[in-house]
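Residue-level structure breakdown
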Amino acid sequence: MPIDYSDIPSPCFVLEEELLRKNLELIDSVQKAAGCKIILALKGFSMYSAFPIVKEYLHGATASSLNEIRLINDFMGYQAHTYIPAYLENEFEEVLSRSSHITFNTLSQWERFKDRVAIYRKSNPLQELSCGIRVNPQYSEVSTEMYNPCVPGSRLGVTRDKLPDLLPEGIEGIHFHTLCENDSYTLERTLAAVEERFGDLLHQARWLNMGGGHLMTREGYDTSKLIDLVSTIREKYNLEVILEPGSAIAWRTGELVTTVLDVMDSQGIEVAVLDTSFAAHMPDTLEMPYKPVIKGAYQEPVEGKYTCRMGGMTCLAGDFMGDYSFDKPLEVGDKIIFEDMIHYTMVKTTTFNGVNLPSIGLWTKDQKFRLIRSFGYESFKDRLS
Ligand SMILES: Cc1ncc(COP(=O)(O)O)c(C=O)c1O
């Protein structure tokens, strides 16, 4: 049944429960078949009101900051898998107390904190706490530099020449993250690079975390290939394998519902002003950049059709996206629905220009809308002083 948008406030992120469950079912079937653990990366999807649903399928989550760790503890009830590029001295004990796995980005970070790990372990012998190191296999097929952690100058992970022949005592895991919205064939080539450079260390490790970027819920992704790759590496090195996707979990699970506030002609170009902002509500569209899909619209201008640019409600000149074509001219009050706006969108919103954050809601599996949260002046004010 199509969503009834009439009762949904605007702007509002609407997560569709059925679509989320569909993704989670697929991911669960992969982890069972491959004999690995697939956990949620909060950086891509942190809608904690949906964590009880996620928890029905996935049994862990990964954090890149103490705040994400706390969200995992509080709303999933799990100790976190933690990787932070550099740990803060004053947070470190709390990070340890809330994590089951903790990955260090460099050997100098490990050297700086390893004594504190040992002391913490001694006084908390019952807590599962395993340490790992992030490696840089110097192989990534991600063409956008912004998302490529293997380029020279990357601060993310240790290259092989910086590691000794034996894993440092106390390091049990190896972590790499070099994929971004990739398929299992990219993983295959990446694993070949990882094995070539780090194969000897894999034999010494207890676990291997293959990071995120495995877009297994995208149509056409070959999951049986992924299952083969994971099973092979797991058996070959006698390792526990962990995957930590973010995008794949919330991929195409909902939209951002917005409304036309005004329509104007700007020197021959038709422009609609919306009650949203690309800069504040969908920053990836400008940063990445990419053109988001609008439900029911032609994604590129069509000769002879009504064509319009989507404008944001901030005063930033570049806060616009376009152009799109429609079957009929837009009017004030029309809904503009941006598709696939759950992963890496909700987590990146800001109140730039004083705009309110979009509300957050759920379209339940029994086809009802549940408003979870709305934001106002307090959310804007709380970030400033
Ligand atoms: C270390 C790490 N793990 C996991 C992820 C999640 O990746 P994705 O959302 O592309 O699956 C990221 C994303 O940047 C990451 O940096």
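Residues numbered from 1 in each chain as written. Predicted model: local features only at pLDDT ≥ 70, side-chain atom pairs only at ≥ 80, totals over all residues. Heavy atoms only, no water.

Once that is clear, we can look at the sheet that holds strand S10 (residues 240–243). Ordered in space as S2-S10-S9-S8-S7-S6-S5-S4-S3, the 9 strands form an open sheet in which the pairing is parallel. Edge positions in the open sheet fall to strand S2 (37–38) and strand S3 (40–41), since each of these has one partner strand only. Relative to strand S9 (residues 207–209), strand S8 (residues 171–175) is paired through 3 bridges, and the arrangement is parallel. Bridge assignment links Gly173 to a residue of S9, and that residue is Trp207. Lying over the sheet, helix H3 (residues 66–76) contacts S3, strand S4 (61–63), strand S5 (80–83) and strand S6 (99–104), oriented at roughly 155° with respect to S4. Across the sheet, helix H5 (residues 107–123) is in contact with S6, strand S7 (130–134) and S8; its angle to S7 comes to roughly 175°. (Pairing = 2+ DSSP bridges. Helix = DSSP H or I, 4+ residues; strand = E, 2+ residues; numbered from the N terminus. Contact = heavy atoms within 4.5 Å. Axes fitted to C-alpha atoms, helices over the stretch in contact; angles between N-to-C directions.)

According to UniProt, the feature "domain: Orn/DAP/Arg decarboxylase 2 C-terminal" (unreviewed entry) maps to residues 252–341 in the numbering used here. Helix makes up 10% of residues 252–341 and strand 41%, with an end-to-end C-alpha separation of 7 Å. (UniProt positions renumbered as here; feature names shortened; annotations may be inferred.)

Before going further, it helps to examine the packing of aromatic side chains. Overall, the coordinates contain 9 aromatic pairs when judged by the stated rule. When the ring of Tyr87 is compared with that of Phe113, the centres are 6.2 Å apart and the planes differ by 80°; the resulting orientation is edge-to-face. Of this pair, Tyr87 sits in the loop between S5 and helix H4 (92–97) while Phe113 is found in helix H5, placing the two residues 26 residues apart along the sequence. Within the aromatic cluster, the residues linked to one another by ring pairs are Tyr87, Phe92, Phe104, Trp110 and Phe113. The side chain of Lys55 reaches across the aromatic face of Tyr78, ending 5.2 Å from its centre. When the ring centre of Tyr324 is taken as reference, the NZ or CZ atom of Lys291 above it lies at 4.6 Å. (Phe/Tyr/Trp six-rings, centres within 6.5 Å; stacked < 30°, edge-to-face > 60°. Lys NZ or Arg CZ within 6 Å of the ring centre and 35° of its normal.)

Right, let's talk about the UniProt feature "binding site: substrate" (unreviewed entry) in the chain for a bit. Those places that UniProt annotates as "binding site: substrate" (unreviewed entry) correspond, in this numbering, to Asp284. One can find Asp284 in helix H10 (residues 283–287). Setting aside residues no more than four positions away along its own chain, Asp284 makes contact with Tyr147, Pro289, Tyr290, Tyr344 and Lys348.

Glancing now at the environment of Asn105. Looking at the secondary structure, you find Asn105 in the loop between S6 and H5. Put simply, Asn105 and Thr232 are 127 residues apart on the chain and 26 Å apart in space, counted from C-alpha to C-alpha. Of the polar contacts made by the side chain of Asn105, one reaches the backbone oxygen of Arg155; its length is 2.6 Å. One polar contact links the side chain of Asn105 to the main-chain amide nitrogen of Gly157, over a distance of 2.8 Å. (Polar contact = N/O pair within 3.5 Å; in protein donor to acceptor, adjacent residues only side chain to side chain.)

Before going further, it helps to examine the site of the ligand. Taken together, 13 residues sit near the ligand, with Gly213, Glu244, Gly246, Ser247 and Tyr344 positioned nearest. At a separation of 3.5 Å, an oxygen atom of the ligand approaches a polar side-chain atom of His177. With respect to the ligand, the backbone of Gly246 contributes an N or O atom lying 2.9 Å from an oxygen atom. In the complex, the protein chains occlude 87% of the 400 Å² of accessible area that the ligand would expose alone. Under a 2 Å grid-point criterion requiring more than half of the atoms, the pocket assigned to the ligand is the largest pocket. Along the lines of polarity and charge, the residues of the shell around the ligand split into 4 nonpolar, 6 polar and 3 charged. (Near = heavy atom within 4 Å. Areas by Shrake-Rupley, 256 points an atom, 1.4 Å probe, with all protein chains shown as cover. 1 Å grid on protein atoms, 1.4 Å probe; cavity = no way out; pocket = protein on both sides within 12 Å on 5 of 7 lines; lining within 4 Å. Sits in = over half its atoms within 2 Å of the grid points. Nonpolar A, V, L, I, M, F, W, Y, C, P; charged D, E, K, R; others polar.)

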